[in-house]
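Okay, here's what each chain looks like letter by letter:
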Amino acid sequence: MKNRLATLVGALALSAAASAQTWIWYPGDYEIWLGNQMNNRRTERGAFFPPFWKTDSHYVVVEFSKKLDLAEPEEIFIAAEGKYNVKLDGKLQFGMPSTLKLPAGKHSLNIKVWNQSTPPTIYVKGKTVNTDKTWKVTYEDKEWIDESGKASDTSATVYMDAGCWNFDGATQLPSKFSLARKPMKAVSSTPRKEGVLYDFGKETFGYITLKEVKGKGTIHIYYGESPEEALDTEYCETLDKLLAEPGQITDLAIRNTRKLYDEYTLDNSKAFRYVYVTCDPGVTIQDVSMQYEYLPEEYRGSFKCNDEELNRIWEVGAYTMHLTTREFFIDGIKRDRWVWSGDAIQSYLMNYYLFFDNETVKRTIWLLRGKDPVTSHSNTIMDYTFYWFLSIYDYYMYSGDKDFVTQLYPRMQSMMDYVLGRTNANGMVEGMTGDWVFVDWADGYLDKKGELSFEQVLFCKSLETMALCAGLAGNTADKTKYEKLASALRSKLEPAFWNEQKQAMVHNRVQGKQSESVTRYANMFSVFFNYLNADKQQTIKHTVLQNDSILKITTPYMRFYELEALCALGEQESVMKEMKAYWGGMLKEGATSFWEKYNPEETGTRHLAMYGRPYGKSLCHAWGASPIYLLGKYYLGVKPTKPGYEEYSVTPCLGGLKWMEGTVPTPYGNIHIYMDKKEIRIKSDGGKGVLNIPTRKGMKAMTIEPGEEQVFKY
């Protein structure tokens, strides 16, 4: 059957399709399946290391259906991944037909597929009948035949619009998808200790290739993001071990033996810059190279200015984003290689100013949600559940894709039902058994007990997001319900957490009593969510955000939000200095991609340590690339004000620079901005734009017309 499904002879003989055709599946299923493949590639010193949260799977039987109205007879080609049947107007066709003649007129076409190992998918190509996202799918059609031979009523069946991506050719089987590869050589090789240390010049990701392996014995491969890690054979985070024998080689970690040819490429990918290779006596290797693995992306966004250090920060940020943009947006390429909701929401936002890759956003959102029943928070982390909600409306604002929100809304409902079922008597959330209350990795004590102000702020914004998405889905009852819940919670935030003496939101409240602790988290989120009035926002800028006595943030993860809050308060010049000091500090330490955490007070190999392990820190982490977002939104100053950039604003700010220019991608094309101290030049490919120009009397709004470049003096 496998050969039958993969053999698609005859498709090319059909007439050219009037509309594009693509492989389709049950929405979310392929994304979950593909995510399982990726999430389960993690290893720790050669040991398999799967995720610790609930792993869902695809529906094994899926029915695909389409209502047809044909002006003339038509022949269609059918392919499927799985065992399938075909019904035309309720009548089963013989076998698993690869072609089917459809008479003119109105018809119902149904294809049911079973596949236990990979998601059921189909591909139909005809002159006018082609698989696309308008087909309906269900995992249970609830159709049976009674004793009279009459088919049951299927009105209770829940149908969804089909899911799809870009598998537009008949031979592009979704289950065979893999990322692109290209060969890369090491920039240097140096004999060290008992082996050779290979340097690939910068942080990278892929598969090691060994050339001309000779002899019999064990080959040890130790990976490192630093030379110290690669050379530390006892504590490096990742390694491989191979057994070379005449004519064959065995990967001892996965127990896979293959014939040995001139080159051998390992089956497992790794992240590294350095690779240290040692061999038993009698084993020789002529050379070590790699297959670099990547998702092809177009760099649609850009940024350049008079400050070369800032240009380098943008370039390294973009490279960091590309390395962590794989089948999904992942956290870091060395250690976890998992999809985490807190990391992902920042990747989405950076993506909107770099790639504008909506498909990877949608795949990641589907994967993070999984399926009902909900048994825990996203990644088991309370705050990560809230980020998942927020990311959906963000996506809608940047893309204008209402269909995606509508399709996902039922899973939003059940996720929020889970959250609401875990609120306390005050209508607030606090950590319960099984909840990981994360907030941030902090170099100091963060109390996780009681009602954290940070969690309530995220919860409130999530309820507001639910109301907006309910409106998009046409569910007016839910819209009203969530608006009331959000309003009730928001009215409690200041009375519960604002401290007049400290002039700030306190960190938490335990048994109704405010703690003495003030942290940055709830305060900075309250700024860009506009949960505090203008006076209080300016107050906490001084009492919290610019107060060095408050516990400092040392992760790029939360620096993202801290600097966003300061930009929202008009502090672009000070934020520019912070970016250069923080991300520039990593560059001065030799970073070729940005890190999971950076504390400028640390030195030497202390920069490599985390989680109690000498090399536990990821030196290529998605959340490290936040200057991409900050420079696009708060310096080039571009953001959508209506979904999909139907309307947008541009409020450029030099922030101490002499000049800058850059491009921000949109669904219409691009918006290009140049600004110096005398003029602003803008060229837009579409949408209704407003340019906010600084003048002595304040901001002046000017209309941006799509088409030719416009020049504005100020």
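All figures in this text were calculated on a predicted structure; none of them were measured in a lab.

Procedures and definitions
Residues numbered from 1 in each chain as written. Predicted model: local features only at pLDDT ≥ 70, side-chain atom pairs only at ≥ 80, totals over all residues. Heavy atoms only, no water. 1 Å grid on protein atoms, 1.4 Å probe; cavity = no way out; pocket = protein on both sides within 12 Å on 5 of 7 lines; lining within 4 Å. Points joined across faces, edges and corners; volume = space filled by probe spheres on them. Helix = DSSP H or I, 4+ residues; strand = E, 2+ residues; numbered from the N terminus. Nonpolar A, V, L, I, M, F, W, Y, C, P; charged D, E, K, R; others polar. Polar contact = N/O pair within 3.5 Å; in protein donor to acceptor, adjacent residues only side chain to side chain. Contact = heavy atoms within 4.5 Å. Buried < 20%, exposed > 50% of the residue type's maximum accessible area, 1.4 Å probe, protein only. Domains from an automatic or database assignment. Axes fitted to C-alpha atoms, helices over the stretch in contact; angles between N-to-C directions. Parallel < 35°, antiparallel > 145°, perpendicular 65-115°, else oblique. Left-handed = near helix turned anticlockwise from the far one by under 90°. Core = buried A, V, L, I, M, F, W, Y, C linked by side-chain atoms within 4.5 Å. Pairing = 2+ DSSP bridges. Disulfide = S-S within 2.5 Å.

Draft legend 1. Local environment of the layout of surface pockets. Roughly 930 Å³ of volume is contained in the largest pocket. Lining the largest pocket are 30 residues; nearest its centre among them are Phe528, Glu564, Tyr629, Lys633 and Tyr634. Among the elements that make up the lining of the largest pocket, the one with the highest residue count is helix H7 (residues 382-399) (six residues). Here the lining of the largest pocket is built from residues that sort into 18 nonpolar, six polar and six charged.

Draft legend 2. Focus on the side chain of Thr324. Along the polypeptide, Thr324 turns up in helix H4 (residues 308-324). Side-chain polar atoms of Thr324 contact the backbone oxygen of Thr320, separated by 3.0 Å. For Thr324, the contacting residues outside a window of four places in its chain are Phe329, Ile330, Asp331, Gly332, Ile333, Cys620, His621 and Ala622.

Draft legend 3. View of the environment of Glu293. You can see Glu293 is positioned in strand E23 (residues 287-294). When its relative accessible area of 6% is taken as the criterion, Glu293 is described as buried. Contact partners of Glu293, with chain neighbours within four places excluded, come to Leu179, Ala180, Arg181, Phe205, Gly206, Tyr207, Ser269 and Arg326. A distance of 2.9 Å separates the side chain of Glu293 from the side chain of Tyr207, its partner in a polar contact. A polar side-chain atom of Glu293 sits 3.0 Å from a polar atom in the side chain of Arg326.

Draft legend 4. Structural context of the domain arrangement of the chain. Taken as a whole, the chain is organised into domain 1 (24-176), domain 2 (180-294), domain 3 (370-540) and domain 4 (647-713). Centre-to-centre, using C-alpha coordinates, domain 1 lies 46 Å away from domain 4.

Draft legend 5. Structural context of the packing of helix H6 (residues 358-369) against H7. Remark: H6 packs on H7, axes separated minimally by 11 Å, with the N-to-C direction vectors making an angle of 160 degrees. As summarised for this structure, H6 and H7 are arranged roughly antiparallel, according to the angle between their axes. Relative to H7, the crossing made by H6 is left-handed. Counting all contacts with H6, which are made through Asn358, Val361, Lys362, Ile365, Leu368 and Arg369, the residues of H7 involved are Trp388, Ser391, Ile392, Tyr395 and Ser399. Considering only residue class, the contact of H6 with H7 consists of six nonpolar, three polar and two charged.

Draft legend 6. Just the nonpolar core, in detail. One finds Ile208, Ile219, Ile221, Tyr387, Phe525, Met558 and Tyr561 to be the most contacted residues of the largest nonpolar core, which totals 188 residues. Considering each element in turn, this core owes the most residues, 13 residues, to H7. Residue contacts for Met558: discarding those within four places in its chain leaves Tyr387, Val439, Asp440, Phe454, Tyr521, Met524, Phe525 and Ile553. In terms of nonpolar packing, the next biggest core, distinct from the first, is built from 25 residues, Val62, Leu109, Val113 and Val124 among them.

Draft legend 7. Examining helix H15 (residues 627-635) more closely. Burial runs high along H15: nine of the nine residues are buried. Along H15, the positions that sit buried rather than exposed are Pro627, Ile628, Tyr629, Leu630, Leu631, Gly632, Lys633, Tyr634 and Tyr635. Taken from the residues just after H15, Gly637 is the one with a positive phi, measuring 80 degrees.

Draft legend 8. Molecular detail of the pairing of E23. In terms of burial, E23 is largely enclosed, as six of its eight residues are buried. Across six bridges, the pairing between strand E14 (residues 180-185) and E23 is antiparallel. Among the inter-strand pairings, Ala180 is bridged to a residue of E23, identified as Tyr294. In this sheet, E23 lies alongside strand E16 (residues 195-211) in antiparallel orientation, the contact comprising six bridges. Among the inter-strand pairings, Ile208 is bridged to a residue of E23, identified as Met290.

Draft legend 9. Looking closely at the state of the cysteines. Per the stated rule, a full pass over the model turns up zero disulfides. As a non-bridged cysteine, Cys469 has Cys460 as the owner of its nearest cysteine sulfur, 15 Å distant. Look at Cys469 and you get buried, because its relative accessible area is 0%. Here Cys567 stays unpaired: no disulfide links it, and the sulfur of Cys653, its closest cysteine neighbor, is 8.0 Å away. Judged by relative accessible area, Cys567 falls into the buried class, the value being 3%.

Draft legend 10. How the structure looks around empty space enclosed by the protein. Scanning all chains against the criterion turns up five cavities of 30 Å³ or more. In this structure, the largest cavity occupies an estimated 330 Å³ of space. Both domain 1 (24-176) and domain 3 (370-540) contribute no fewer than three residues apiece to the lining of the largest cavity. The calculated volume of the second largest cavity comes to roughly 50 Å³.

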